[in-house]
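Structural description and commentary
Residues per chain, in single letters:
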Amino acid sequence: MKTAIYPGSFDPVTLGHLDIIRRASIMFDRMIVAVLHNQNKRPLFTVEERMELLRRTTRDLPQVEVASFDGLLADYARVQGACAIVKGLRAVSDFEYEFQMALANRKLNPELDTVFLMTSAKYMYLSSSVVKDVAMHGGSVVGFIPDEIIPDIERRARKEG
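Okay, so let's go over this structure. Sequence order as written defines residue numbering, which begins from 1 separately in each chain. Note on the predicted model: pLDDT of at least 70 is required for a residue's local features to be given, and 80 or more for side-chain atom pairs to be given and counted; whole-chain, interface and lining totals, by contrast, use all residues. The basis for the side-chain values is all heavy atoms of the structure; hydrogens and waters are excluded.

Details of a nonpolar patch on the surface
Put simply, the rule reads: Surface patches are defined over residues having more than 30% relative accessible area and no salt bridge, joining like charges when they lie within 9 Å and nonpolar side chains (Val, Leu, Ile, Met, Phe, Trp, Tyr) when within 5 Å. Using a 1.4 Å probe, the Shrake-Rupley method yields the accessible areas, and only the shown protein chains count as cover for residues. Salt bridges are identified by distance alone: a Lys or Arg side-chain nitrogen within 4 Å of an Asp or Glu carboxyl oxygen. The numbering of helices and of strands both runs from the N terminus, where a helix is a DSSP run of H or I of at least 4 residues and a strand a run of E of at least 2.
A contiguous nonpolar patch, built from F95, F99 and L103 and spanning about 280 Å² of accessible area, is present on the exposed surface. Examined against the element boundaries, F95 turns out to sit in helix 4 (residues 92–108).

Have a look at this one:
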């Protein structure tokens, strides 16, 4: 069984994230979407809330599991028996950072490869930060995030704003 991990903060999950999840999920037998806490970002949602949003938006993908982890991704991948990390790229600037991380992960876990998927052109501008900024300023997030979680984002943005 080929297992891959798609790590990210997913705060919140966007249509760009879902595009990568759907495309990668047909490449692997088991796909773990792994939510991490990024200490450099102030999250809008807790790890548990982000996991729930991901579960709701990927429930039609039986090979997709949602989990969270602490520590090194390379170690988590080893424990999960993963052969690959999936990373979505929007621009060349994403590649520079992700390439460094791929090399570091490979050094830490020589059995682990990184698979880069270019985001679909219609989502190149999209990021969780853009979604949060739009929502916090009362803008419409329709077309940025899955419809079923729009009320969650709007409710949280009103509470935080």
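Topic: the pairing of strand 2 (residues 30–35)
Rules: Using a 1.4 Å probe on the protein chains alone, a residue whose accessible area is under 20% of its type maximum counts as buried, one over 50% counts as exposed, and one in between counts as partly exposed. Strand pairing is assigned whenever DSSP detects at least two bridges linking the two strands. Every crossover in which the path from the first strand over the helix to the second runs clockwise, viewed with the strands pointing away from the viewer, is termed right-handed.
Burial analysis of strand 2 places six of its six residues in the buried class, the great majority of the element. Both faces of strand 2 are covered, namely the face carrying R30, I32 and A34 and the face carrying M31, V33 and V35. Relative to strand 2, strand 1 (residues 3–8) runs parallel, the two being bridged by six bridges. Along strand 2, the bridge assignment pairs Y6 with V33. In terms of handedness, the path from strand 1 via helix 1 (residues 15–25) over to strand 2 forms a crossover that is right-handed. In this fold, strand 2 hands off to helix 2 (residues 47–58), which returns the chain to strand 3 (residues 64–68); that crossover is right-handed.

Quick notes on helix 4
Note the cut-off: One less than the residue count of a helix, multiplied by 1.5 Å, gives the span that helix is expected to have. We call two residues in contact whenever any of their non-hydrogen atoms come within 4.5 Å of each other.
Taking 1.5 Å per residue as the helical rise, helix 4 with its 17 residues ought to reach 24 Å, and the 25 Å between its terminal C-alpha atoms agrees with that figure. Within helix 4, the full set of buried residues consists of D94, E98, A102 and N105. On its buried face, helix 4 is in contact with helix 3 (73–80), strand 4 (84–89) and strand 5 (113–118).

Concerning the pairing of strand 4
With five of six residues buried, strand 4 is to be regarded as a mostly interior element. Examined bridge by bridge, strand 1 and strand 4 share two bridges and lie parallel to one another. Bridging from a neighbouring strand, I5 pairs with I85 of strand 4. Handedness of the strand 4-helix 4-strand 5 crossover: right-handed.

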